[in-house]
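Descriptive analysis of the structure
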Amino acid sequence: MCLLPSTNITVYPKPTVNIANNTICVGNTTQLTPSVGGIWTSSNTAVATVNASGIVTGVSSGVVFFTFTENMTGCLSDPTSNLTVSPKPVVSVTGNNTICVGQTTQLSPAGGGTWASLSPSVASVDNNGVVTGLSMVPYNLLLPHLKAVFQILPGLSP
């Protein structure tokens, strides 16, 4: 009987991966971990891309997942949970676009997300899109505030 020489076999674990948010809008980003030590791959780069640091950018509406190949071991992760990329919401002022302190106006859409004021000392907004004027804007600040006072953050469900 002949014996073959023994060989050691090293078994490495699969990399553990995580995604910070499962829903983003087109043009927005989320973070994958790990952010170093390997190569990320998108299941559909037409929906979302990922860079070497694990930053994902939404490209178009759809669902995508990601895998990570670890440099040191060559091991491939299981896929991340699915990421849903949604279109940016179409937003508008449906009420008056000029209000006084203490008055209100309406933004659209009135639901399906969370409104946030980028200038909370000037105007507040509730989750129904109702804006309340809180303080006067000096004339030289008026134009920038009118262009970017509000944003809508995507909801988890429509």
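Before going into details, it helps to say that this report is about the structure given with it. A quick note: this is a predicted structure, and the numbers were derived from the prediction, not measured.

Things to note about the environment of G74
Tracing the backbone through its elements, the reader meets G74 in the loop between β8 (66-70) and β9 (83-86). Assessed through its relative accessible area of 48%, G74 is described here as partly exposed. Once the C-alpha coordinates of G74 and I39 are considered, the two residues, 35 residues apart in sequence, prove to be 9.7 Å apart.

A look at the pairing of strand β14 (residues 130-133)
Here β14 shows one buried face, formed by V131 and G133, and one open face, formed by V130 and T132. Bridge count between strand β11 (residues 104-108) and β14: 3 bridges; the pairing is antiparallel. Opposite T105, over in β14, you have V131 as the bridge partner. Here strand β13 (residues 123-125) pairs with β14 via 3 bridges, running antiparallel. Counted as the bridge partner of V125 is V131 from β14. Hairpin geometry of β13 and β14 is characterised by an intervening segment of 4 residues between the two adjacent antiparallel strands and by a positive phi of about 80 degrees at G129.

Quick word on the packing of aromatic side chains
Overall, the coordinates contain 1 aromatic pair when judged by the stated rule. For the ring pair W40 and F68, a centre distance of 4.9 Å and an interplane angle of 50 degrees mean the geometry is tilted. Residue W40 is located in strand β4 (residues 38-42), and its partner F68 is located in strand β8; the two are separated by 28 residues in the primary sequence. For W40, a relative accessible area of 7% gives the class buried.

Quick look at the nonpolar core
If you look at the biggest cluster of nonpolar residues, it comprises 14 residues, and the most contacted ones within it are L32, W40, A48, V56, F66 and L83. When residues of this core are traced back to their parent elements, those giving at least two are β5 (48-50), β8 and β9. Setting aside chain neighbours within four positions, we find F66 in contact with I19, L32, W40, T41, S42, A48, V50, V56, D78, P79, T80 and L83. The next biggest cluster of nonpolar side chains, apart from the first, holds 6 residues, and it includes L107, W115, V122 and A123.

Some details on the sheet that holds β9
If you walk across this open sheet you meet the 3 strands as β2-β9-β7, and the pairing is mixed. Edge positions in the sheet fall to β2 (23-25) and β7 (62-64), since each of these pairs with one other strand and no more. Neighbouring strand axes in the sheet, compared pairwise and without regard to direction, differ in orientation by 25 degrees on average. Pairing geometry for β7 and β9, over 3 bridges, is antiparallel. Looking at β9, one finds that G62 is bridged to V85.

Cut-off values and rules
Residues numbered from 1 in each chain as written. Predicted model: local features only at pLDDT ≥ 70, side-chain atom pairs only at ≥ 80, totals over all residues. Heavy atoms only, no water. Helix = DSSP H or I, 4+ residues; strand = E, 2+ residues; numbered from the N terminus. Buried < 20%, exposed > 50% of the residue type's maximum accessible area, 1.4 Å probe, protein only. Pairing = 2+ DSSP bridges. Phe/Tyr/Trp six-rings, centres within 6.5 Å; stacked < 30°, edge-to-face > 60°. Core = buried A, V, L, I, M, F, W, Y, C linked by side-chain atoms within 4.5 Å. Contact = heavy atoms within 4.5 Å. Axes fitted to C-alpha atoms, helices over the stretch in contact; angles between N-to-C directions.

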